[in-house]
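Structural features, examined
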2 protein chains.
Amino acid sequence: MQITFLGTSSGVPTRSRNVSGVAVRLPQRAEFWLFDCGEGTQHQILRSDLKISQLSRIFITHMHGDHIFGLMGLLASCGLAGNTERIDIYGPPGLNEYLQACRRYSQTHFSYPVAVHENRGGLIYEDEEYRVHCGLLEHRVTAFGYRIEEKDRPGRFDAQKAKAFGIPFGPLYGKLKRGETLTLPDGRRVRGADFCAEPEVGRKIAYCTDTIFCEGAVELARDADVLIHEATFSHRDAQLAIDRLHSTSTMAAQVALAAGVKQLVMTHFSPRYAPGNAIQLDDLEAEARAIFPKTAMARDFWSYEVPRRRSSASETAIAP
Amino acid sequence: MQITFLGTSSGVPTRSRNVSGVAVRLPQRAEFWLFDCGEGTQHQILRSDLKISQLSRIFITHMHGDHIFGLMGLLASCGLAGNTERIDIYGPPGLNEYLQACRRYSQTHFSYPVAVHENRGGLIYEDEEYRVHCGLLEHRVTAFGYRIEEKDRPGRFDAQKAKAFGIPFGPLYGKLKRGETLTLPDGRRVRGADFCAEPEVGRKIAYCTDTIFCEGAVELARDADVLIHEATFSHRDAQLAIDRLHSTSTMAAQVALAAGVKQLVMTHFSPRYAPGNAIQLDDLEAEARAIFPKTAMARDFWSYEVPRRRSSASETAIAP
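The name recorded for chain A in an unreviewed UniProt entry is Ribonuclease Z, from Oxynema aestuarii AP17. Database annotation for chain A, UniProt heading Catalytic activity (unreviewed entry): "Endonucleolytic cleavage of RNA, removing extra 3' nucleotides from tRNA precursor, generating 3' termini of tRNAs. A 3'-hydroxy group is left at the tRNA terminus and a 5'-phosphoryl group is left at the trailer molecule." What UniProt records for chain A under Subunit (unreviewed entry) is the sentence "Homodimer."

Below, the structure is given as structure tokens:
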């Protein structure tokens, strides 16, 4: 699972940061999922190494413009790019009516199926490899966070070892792969586990924006490998965060700490922290690291491969 | 009057060309007008030397997504950038309802007045210096072209000459400036025209997109200094233009020729003419120039100062 940040500014785009959009590339499939779709997300995809034709699911957190105004353009372009595969869109109530209104006024006809699912919370998607939950956050409008879980995978079957053990090639291999215990034609008993590597623990990503510190975010992020959390404001501008129901850097870090995540990545930064302001984005990073050291700051086009739990890479610091 | 092209691709953005948007900067005012507003237009403004706070009027040709999907984001950003001046928006029927729906679903509140005017054709705007007409084009949906006219200005009053002639400084200067004929206190008769430079002829810009060749475009472009006309397709792809009610390069040139314009600038190019296609944009240029030699191809961020009629600059070829 590889996360690519397409937009890391809040509210308005800047010269170097677009409004919200995060792609999650799925390793085993030629497929990516998109979280939020601010204006210009399709332009960012064009400038990244993502292929627009591989977009299969879009998850919208809430209906503010900086999270949805790129949706219609992206969907229209998917059609013009010749997509024929269905795109599933998940989001808050009102999303379907909004898209229908835009399609009607702009006379946009999609040449491929688009299915809109309005969230009610809980498990919203599941297949053989992945599961997606959503949960309420705390913002000025209804906002959902998402938790993407990769399911655990059985460890790699060691065919070499099975062969050396004298197990005849064929359907027995499949049974051992699935972890079954067998009696061989010569009477020996063998356990599948002895021929498989350790199971691969599935990775978990939580995406929480826009929100002030809330229990909902902690629940979604519980034990996650990566928590992507908004940090619109510096701790020194906490009153702004409270007034607007956004997070400070320290709130994001507190969610990460309370949830016991492996890595926090902060995003959705206020454009106010530009050169000239006494507070800079480095300050937000330092504020968060004082609470949760494994904090990184997202940047547009930064791609981050979520490390596997057993991998030593997960123990090293990362920086975009 | 300076024209800046913000988007010159049709339908979808490419890496080097955004979807439709053209800014016209007014020389005497700290103000610019925008024609069409495809997704990402606000991003292009950010990357140009235009100031978003100087945007005062937006003219929309038709309701297709590549001409309107940037509107809500731009208007929302104007508010967040602290604009307080009114923005007037002109466009086809349906534009107001579209904007209202987007505002409602996204809960976007503008902190400044926005007035939407739905076109019925003819004169749609006039002030002391400018006039804007719109007229119907021929496309798959209702589409309007625009004609922006700078009014003629009286020539510069030569106060030096009046003084040398012994005319007493005071209200008489104002009368001469306005071209009146006066009797001086000493009995001499003087004509204002003798103390003023030649009047400055106002410049005229026509903006015609999206459309197939039509008389409406010729009327709007009559004697214009610059005609901006779409040229989605090469002449060799004329059947596509006919099917989709777009123009070929040669249709754009024929409008320019029939209208007797001084300069044609083509835009709204199909992304199909990319490296690898047997037809390239150079071919579209050559096709048009065979009919109308004073043809230029627009590029994103190209700024073109419309020359005054009496200026020798208007006689030289231009290239972005």
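The subject of this paragraph is the overall build of chain A. Scanning chain A from N- to C-terminus turns up ten helices and 16 strands. For chain A, the spread of C-alpha atoms along the principal axes amounts to about 75 × 50 × 35 Å. Sorting the 320 residues of chain A into buried and exposed places 58% on the buried side. Within chain A, residue pairs in contact and separated by at least 24 positions form 63% of the contacts whose partners lie at least 6 positions apart. Working note: accessible area of chain A is about 13400 Å², and carbon and sulfur atoms make up 50% of it. Where the 38 positive side-chain charges of chain A centre and where its 38 negative ones centre are 5 Å apart.

Here we take up the UniProt feature "domain: Metallo-beta-lactamase" (unreviewed entry) in chain A. The sites that UniProt annotates as "domain: Metallo-beta-lactamase" (unreviewed entry) are residues 201–269 of chain A. Secondary structure content for residues 201–269 of chain A is 36% helix and 22% strand, while the C-alpha to C-alpha distance between its ends is 32 Å.

Each partner contributes residues to the interface: chain A has 36 residues there, and chain B has 36 residues. Carbon and sulfur atoms make up 59% of the area that chain A and chain B hide from each other, which totals about 2800 Å². Among the residues chain A hides against chain B, the three largest losses belong to Glu39(A), Phe69(A) and Tyr105(A). Together they make up 26% of the total. Counting across the interface, chain A meets chain B through zero salt bridges. Connecting chain A to chain B are twelve residue pairs in polar contact (both at pLDDT 80 or more). Within the residue set of the side of chain A that touches chain B, elements represented by two or more residues are α1 (41–47), α2 (65–68), α3 (71–80) and α4 (95–106) of chain A. Top element by residues in the side of chain A that touches chain B is α4(A). It accounts for six residues. Classifying every residue of the side of chain A that touches chain B gives 14 nonpolar, 18 polar and four charged.

Moving on to the domain arrangement of chain A. Domains assigned within chain A are domain 1 (2–153 + 200–309) and domain 2 (159–195). With centres defined by C-alpha atoms, the gap from domain 1 of chain A to domain 2 of chain A works out at 45 Å.

Residue and element names in this part refer to chain B. Taken in spatial order, the seven strands line up as β7-β8-β9-β12-β13-β14-β15 in an open sheet, and their pairing is mixed. In the strand order of this sheet, the two ends are held by β7 (122–126) and β15 (295–297), each with one partner. The sheet shows a mean angle of 20 degrees between the axes of neighbouring strands, taken without regard to direction. Two elements, strand β9 (residues 144–150) and strand β12 (residues 204–208), share four bridges in a ladder whose sense is antiparallel. When the bridges of β12 are listed, glutamate 149 appears paired with lysine 204. On the sheet, helix α9 (residues 249–259) packs against β13 (226–230) and β14 (263–267) and is oriented at approximately 155 degrees with respect to β13. Its contacts with the sheet put helix α10 (residues 281–291) on β14 and β15, and the angle it makes with β15 is roughly 165 degrees.

All names here are of chain A. The feature "binding site: Zn(2+) 2" (unreviewed entry), as annotated in UniProt, sits at Asp66, His67, Asp210 and His268 in this numbering. Across 203 residues, the annotated set stays spatially compact, with a maximum C-alpha separation of 10.6 Å. Mapped onto the fold, aspartate 66 is located in helix α2. For aspartate 66, a relative accessible area of 12% corresponds to the buried category. Leaving out residues up to four positions away in the same chain, aspartate 66 has contacts with Ser10, Gly11, Val19, Ser20, Gly38 and His268. A polar contact is formed between the side chain of aspartate 66 and the backbone nitrogen of glycine 11, at a distance of 2.9 Å. Mapped onto the secondary structure, aspartate 210 falls in the loop between β12 (204–208) and α7 (215–221). Residue classification places aspartate 210 among the buried residues on the basis of a relative accessible area of 2%. Dropping the residues within four chain positions of it, aspartate 210 is found in contact with Thr61, His62, His67, Leu137, Glu138, His139, Ala143, Glu230, His246 and His268. Of note is the side chain of aspartate 210, whose polar atom sits 3.1 Å from the side chain of histidine 67.

Right, let's get into the packing of aromatic side chains. Aromatic ring pairs are described here by two measures, namely the spacing of the ring centres and the angle between the planes. Residues and elements named next belong to chain A. Under the defined criterion, the tally for this structure stands at 32 aromatic pairs over all chains. Here the aromatic rings of phenylalanine 35 and phenylalanine 59 are separated by 4.7 Å at their centres, their planes lie at 10 degrees, and the arrangement is stacked. Of this pair, phenylalanine 35 sits in strand β3 (residues 31–35) while phenylalanine 59 sits in strand β4 (residues 55–59), and the two are 24 residues apart along the sequence. For the residue pair phenylalanine 35 and phenylalanine 59, the accessibility class agrees, reading buried in each case. In this structure an aromatic cluster arises from ring pairing among Trp33, Phe35, Phe59, Tyr90, Tyr125, Tyr130, Tyr146 and Tyr207. When the ring centre of phenylalanine 195 is taken as origin, the NZ or CZ atom of lysine 161, which lies over that ring, is 5.6 Å away.

All right, on to the relation of the copies chain A and chain B then. Overlaying chain A with chain B gives an RMSD of 0.2 Å, the required rotation being 180 degrees about an axis along which the chain moves by 0.1 Å. Within this description, the copies of the chain are treated as partners about a two-fold rotation axis. Judged by C-alpha distance, Gly40(A) is the residue of chain A that lies nearest the rotation axis, at 2.7 Å.

What follows covers helix α3 (residues 71–80) of chain B. Three or four residues apart is the spacing at which side chains of an α-helix point the same way, because the helix has 3.6 residues per turn. Residues and elements named next belong to chain B. Of all ten residues that make up α3, nine are buried, and the element is covered over most of its length. Those residues of α3 that sit buried are Leu71, Met72, Gly73, Leu74, Leu75, Ala76, Ser77, Cys78 and Gly79. Next to the buried residues of α3 lie β3 (31–35), α1 (41–47), β4 (55–59), α2 (65–68), β5 (87–91) and α4 (95–106). One or two positions beyond α3, positive phi appears at glycine 82, with a value near 90 degrees.

To continue, consider the confidence of the model for chain A. All names here are of chain A. The predicted model of chain A averages 94 in pLDDT, with 97% of residues at 70 or higher. pLDDT under 50 marks residues 311–317. Its contacts with residues more than four places away, or in other chains, come to seven contacts. Prediction confidence for the complex, expressed as pTM and ipTM, is 0.90 and 0.90 respectively.

So, on to the packing of α4(A) against α4(B). Two elements in contact, α4(A) and α4(B), have axes whose closest approach is 10 Å; the angle formed by their N-to-C orientations is 165 degrees. Judged on the interaxial angle alone, α4(B) and α4(A) are roughly antiparallel. With respect to the hand of their crossing, α4(A) and α4(B) are arranged in left-handed fashion. Residue-level contacts link Glu97(A), Tyr98(A), Ala101(A), Cys102(A) and Tyr105(A) of α4(A) to Glu97(B), Tyr98(B), Ala101(B), Cys102(B) and Tyr105(B) of α4(B). Residue composition of the contact of α4(A) with α4(B), grouped by class: eight nonpolar, no polar and two charged.

Calculation rules
- Residues numbered from 1 in each chain as written.
- Chains lettered and ligands numbered in written order.
- Predicted model: local features only at pLDDT ≥ 70, side-chain atom pairs only at ≥ 80, totals over all residues.
- Heavy atoms only, no water.
- UniProt positions renumbered as here; feature names shortened; annotations may be inferred.
- Helix = DSSP H or I, 4+ residues; strand = E, 2+ residues; numbered from the N terminus.
- Buried < 20%, exposed > 50% of the residue type's maximum accessible area, 1.4 Å probe, protein only.
- Contact = heavy atoms within 4.5 Å.
- Areas by Shrake-Rupley, 256 points an atom, 1.4 Å probe, with all protein chains shown as cover.
- Lys, Arg positive; Asp, Glu negative; His and termini not counted.
- Charge placed at Lys NZ, Arg CZ, Asp CG, Glu CD.
- Buried area = accessible area lost by both parts, 1.4 Å probe.
- Salt bridge = Lys/Arg side-chain N within 4 Å of Asp/Glu carboxyl O.
- Polar contact = N/O pair within 3.5 Å; in protein donor to acceptor, adjacent residues only side chain to side chain.
- Nonpolar A, V, L, I, M, F, W, Y, C, P; charged D, E, K, R; others polar.
- Domains from an automatic or database assignment.
- Pairing = 2+ DSSP bridges.
- Axes fitted to C-alpha atoms, helices over the stretch in contact; angles between N-to-C directions.
- Phe/Tyr/Trp six-rings, centres within 6.5 Å; stacked < 30°, edge-to-face > 60°.
- Lys NZ or Arg CZ within 6 Å of the ring centre and 35° of its normal.
- Least-squares fit on C-alpha atoms with pLDDT ≥ 70 in both.
- pLDDT = per-residue confidence, 0-100.
- Parallel < 35°, antiparallel > 145°, perpendicular 65-115°, else oblique.
- Left-handed = near helix turned anticlockwise from the far one by under 90°.

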